[in-house]
Amino acid sequence: MDIFKKTRAMFHLPEGMTYLDGNSLGPLPYAAQDRVDAMMRDQWGEMLITGWNKAGWMEQPSRVGDRLGKLIGAETGHVVLGDTLSIKVYQALASALELKPDRKVILSDSGNFPSDLYMAEGLIRMLDRGLELRVVAPEDVEASLGDDIAVMMLTQVDYRSGRMHDMNRLTELAHKAGAIAVWDLAHSAGAVPVDLAAANVDFAVGCTYKYLNSGPGGPAFIYVAPRHAEVVNPALSGWLGHASPFAFDLNYKPGAGIERMRVGTPPVIQIAALEAALDIWEMVDMADVRARAVELSELFINEVETRCPELTLASPRDAAQRGSQVSFAHEEGYAIMQALIAHGVIGDFRAPDILRFGITPLYVGEDDILRAATTLQEIMEGQLWDRDAYRIRSRVT
Ligand SMILES: *Cc1c(COP(=O)(O)O)cnc(C)c1O
């Protein structure tokens, strides 16, 4: 049997819904529901506080972090889970900056997710040592890697267009310029093949609730390269990143390696959900997932361009430069997406004019792609989007 038929059957997908938004929030794996249910009853319920030892809750962030690490080519013992991605961006950036005390510039690009840039702004203000955040166009990153750059902080796949940076090449160029490379893999982990060790990346961060399907509020992850793991000095020096948390020392002493990137109590229930979701990832080969995603993306682009000439492709046409999403632009994009959702096809909208569709082969097939394209055609041809109700902006778009 086609492996993707098998994986699709492992997700709860609402009746009658085509879901092309797994790049924003992955669907529920049945196993996650069962795992969390059992974990709550047998561990939280029965063991209470003793679960930290008996059920291994304390090791969970690095144990499950290592399982996730395999998907992104991380060396064993160099990924830990916890907090949210914004927090992990702050941690990685603070540690990277500390490795380059004589340089003043953080280089990023305008395709980065705003939260990453906001966290950099806040950190710069706190450090108060004349640091600058330099945001250039994505295509200008390479030319901007001068000898003043302390840290190159980029998100590999642009959340709006899906444009993908060449991580290996830019990391190499950053190192040549004497800079540290921090990569955000929010739209890469579980979306495209990533090999952090081969790319020689210094720090990487990402979230698990998008392509990895850990559920809303699922923990983020952070990777620190082996050459830095025992050197970095955590800015968020919480007790669980301490060398011996239960010694209750009054002074902070960083824990061994990646353990020091922990901050406080881990989200045990949510990590249990992630662990069940990772079982599905271990059934597939990332290269197969990528090949299937490219196939489905090409089909979607062809179908939408043929059926809906008013929509403009807003993603790179070359699959090699695209992550696992396809975006189209239209000035009425918000209303069009609301109409599409009302017709059972879920994508999302990103200001100012982007209709975004996540292509996630674990549970999306050709039938979904064709349904999305034909529904979009009906909406465009019949101007079904042109209703006041579809223009009301919700809090989350
Ligand atoms: C989704 C996303 C975030 C979200 O951060 P949270 O702290 O998990 O809310 C941050 N950065 C990027 C690049 C993202 O794609």
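Residues numbered from 1 in each chain as written. Predicted model: local features only at pLDDT ≥ 70, side-chain atom pairs only at ≥ 80, totals over all residues. Heavy atoms only, no water.

A.B. asks: So what exactly am I meant to see when it comes to unusual backbone geometry here?
C.D. replies: Glycine aside, a negative phi is what most residues show, and trans is what most peptide bonds show. For the bond running from Ala-351 to Pro-352, omega is 5°, close enough to zero to count as cis. Position of Pro-352 relative to the elements: it lies in the loop between strand 14 (348-350) and strand 15 (354-358). Even without being glycine, Asn-213 reaches a positive phi, approximately 65°. Among the structural elements, Asn-213 can be located in the loop between strand 9 (203-207) and strand 10 (220-224). (Helix = DSSP H or I, 4+ residues; strand = E, 2+ residues; numbered from the N terminus.)

A.B. asks: I'm lost on the pattern of salt bridges in this one. Help?
C.D. replies: For side chains bearing opposite charge, pairing can occur when the charged atoms are close. In total, this model carries 28 salt bridges according to the counting rule given. The closest approach of N and O atoms between Arg-8 and Asp-367, which form a salt bridge, is 3.1 Å. In this pair, Arg-8 is assigned in helix 1 (residues 3-8) and Asp-367 in helix 13 (residues 366-381), connecting sequence segments 359 residues apart. Exposure remark for Asp-367: the relative accessible area of 46% places this residue in the partly exposed category. Salt-bridge contacts for Glu-282 lead to Arg-67; the nearest nitrogen and oxygen are separated by 2.9 Å. Highlighted residues: Glu-282 in the loop between helix 10 (268-281) and helix 11 (286-307) and Arg-67 in helix 4 (residues 60-71), separated in sequence by 215 residues. Among the residues examined, Glu-282 registers a relative accessible area of 48% and is labelled partly exposed. Overlapping salt bridges bring together Arg-35, Arg-63, Arg-67, Glu-275, Asp-279 and Glu-282 as one network. (Salt bridge = Lys/Arg side-chain N within 4 Å of Asp/Glu carboxyl O. Buried < 20%, exposed > 50% of the residue type's maximum accessible area, 1.4 Å probe, protein only.)

A.B. asks: What should I look at first to understand the packing of helix 2 (residues 30-47) against helix 10 in this one?
C.D. replies: Two packed helices can be described by the angle between their axes and the distance between those axes. At a minimum axis separation of 8 Å, helix 2 and helix 10 run at an interaxial angle of 140°. In this view, helix 2 runs oblique relative to helix 10, as classed from their interaxial angle. Of the two elements, helix 2 crosses helix 10, and the hand of that crossing is right-handed. Together, Ala-31, Ala-32, Arg-35, Val-36, Met-39, Met-40 and Trp-44 of helix 2 and Val-268, Ile-269, Ala-272, Ala-273, Glu-275, Ala-276 and Asp-279 of helix 10 make up the contact between the two elements. Of the residues belonging to the contact of helix 2 with helix 10, the class tally is 11 nonpolar, no polar and 3 charged. (Axes fitted to C-alpha atoms, helices over the stretch in contact; angles between N-to-C directions. Parallel < 35°, antiparallel > 145°, perpendicular 65-115°, else oblique. Left-handed = near helix turned anticlockwise from the far one by under 90°. Contact = heavy atoms within 4.5 Å. Nonpolar A, V, L, I, M, F, W, Y, C, P; charged D, E, K, R; others polar.)

A.B. asks: In this structure, what is going on with the pairing of strand 6 (residues 132-136)? I would like to understand it.
C.D. replies: Across a regular strand the side chains alternate sides, sitting on one face of the sheet and then on the other. Summarising the sheet, strand 5 (residues 105-109) and strand 6 pair through 5 bridges and their orientation is parallel. Bridged to Ser-108 within strand 6 is Val-135. With respect to chirality, the unit in which strand 5 leads through helix 6 (residues 114-127) into the neighbouring parallel strand 6 is right-handed. (Pairing = 2+ DSSP bridges. Right-handed = clockwise from strand over helix to strand, strands pointing away.)

A.B. asks: Can you help me understand the domain arrangement of the protein chain in this one?
C.D. replies: One widely used convention gives an interface's size as the accessible area the parts lose upon coming together. Taken domain by domain, the protein chain consists of domain 1 (3-29 + 285-391) and domain 2 (58-281). With centres defined by C-alpha atoms, the gap from domain 1 to domain 2 works out at 29 Å. Across the interface of domain 1 and domain 2, roughly 2,100 Å² is buried in total on both sides, 65% from carbon and sulfur atoms. At the junction of domain 1 and domain 2, the tally comes to 0 salt bridges. Joining domain 1 to domain 2, the criterion identifies 10 residue pairs in polar contact (both at pLDDT 80 or more). Those elements that place two or more of their residues in the side of domain 1 that touches domain 2 are helix 11, strand 12 (325-329) and strand 15. In terms of residue count, the dominant contributor to the side of domain 1 that touches domain 2 is helix 11 (3 residues). Among the residues making up the side of domain 1 that touches domain 2, the classes are represented as 15 nonpolar, 12 polar and 4 charged. (Domains from an automatic or database assignment. Buried area = accessible area lost by both parts, 1.4 Å probe. Polar contact = N/O pair within 3.5 Å; in protein donor to acceptor, adjacent residues only side chain to side chain.)

A.B. asks: Can you walk me through the UniProt feature "modified residue: N6-(pyridoxal phosphate)lysine" (unreviewed entry) in the protein chain in this structure?
C.D. replies: UniProt feature "modified residue: N6-(pyridoxal phosphate)lysine" (unreviewed entry): in the numbering of this structure it lies at Lys-210. Considering the arrangement of structural elements, one finds Lys-210 in the loop between strand 9 and strand 10. Given the relative accessible area of 10%, Lys-210 is considered buried. (UniProt positions renumbered as here; feature names shortened; annotations may be inferred.)

A.B. asks: In this structure, what is going on with the UniProt feature "binding site: pyridoxal 5'-phosphate" (unreviewed entry) in the protein chain? I would like to understand it.
C.D. replies: Mapped onto this structure's residue numbering, the UniProt feature "binding site: pyridoxal 5'-phosphate" (unreviewed entry) falls at Leu-85, Ser-86, Phe-113, Pro-114, Ser-115, Asp-116, Thr-155, Asp-184, His-187, Tyr-209, Trp-239 and Thr-265. These annotated residues cover 181 residues of sequence, and their C-alpha atoms reach 30.2 Å apart at the extreme, placing them across more than a single site. Set against the largest pocket, the annotated residues that line it come down to Leu-85, Ser-86, Phe-113, Ser-115, Asp-116, Asp-184, His-187 and Tyr-209. Summarising the element assignment, Asp-184 is placed in strand 8 (residues 180-184). When near neighbours in sequence (up to four residues on either side) are disregarded, Asp-184 contacts Leu-85, Val-89, Asp-116, Leu-154, Thr-155, Gln-156, Val-205 and Gly-206. Considering the arrangement of structural elements, one finds Thr-265 in the loop between helix 9 (226-229) and helix 10. Contacts of Thr-265, omitting those with residues within four sequence positions, involve Trp-52, Trp-239 and Leu-240. (1 Å grid on protein atoms, 1.4 Å probe; cavity = no way out; pocket = protein on both sides within 12 Å on 5 of 7 lines; lining within 4 Å.)

A.B. asks: Any chance you could explain the layout of surface pockets here in plain terms?
C.D. replies: Empty space among the atoms becomes visible once a probe the size of a water molecule is rolled across them. Quantified by volume, the largest pocket comes out at close to 270 Å³. Looking at the largest pocket, it is lined by 15 residues, and the ones nearest its centre are Leu-85, Phe-113, Ser-115, Tyr-209 and Lys-210. Those elements giving two or more residues to the lining of the largest pocket turn out to be helix 5 (85-98) and helix 6. For the lining of the largest pocket, the residue count by class is 5 nonpolar, 5 polar and 5 charged. Taken domain by domain, the makeup of the lining of the largest pocket includes at least three residues from each of domain 1 (3-29 + 285-391) and domain 2 (58-281). Here the second largest pocket is characterised by a volume of approximately 180 Å³. Looking at the second largest pocket, it is lined by 14 residues, and the ones nearest its centre are Leu-28, Ser-214, Gly-215, Gln-270 and Ala-273. Elements with a minimum of two residues in the lining of the second largest pocket: strand 3 (28-29), helix 2 and helix 10. When the residues that make up the lining of the second largest pocket are grouped by side-chain class, the tally is 8 nonpolar, 6 polar and no charged. Domain assignment of the residues forming the lining of the second largest pocket places at least three in each of domain 1 (3-29 + 285-391) and domain 2 (58-281). (Points joined across faces, edges and corners; volume = space filled by probe spheres on them.)

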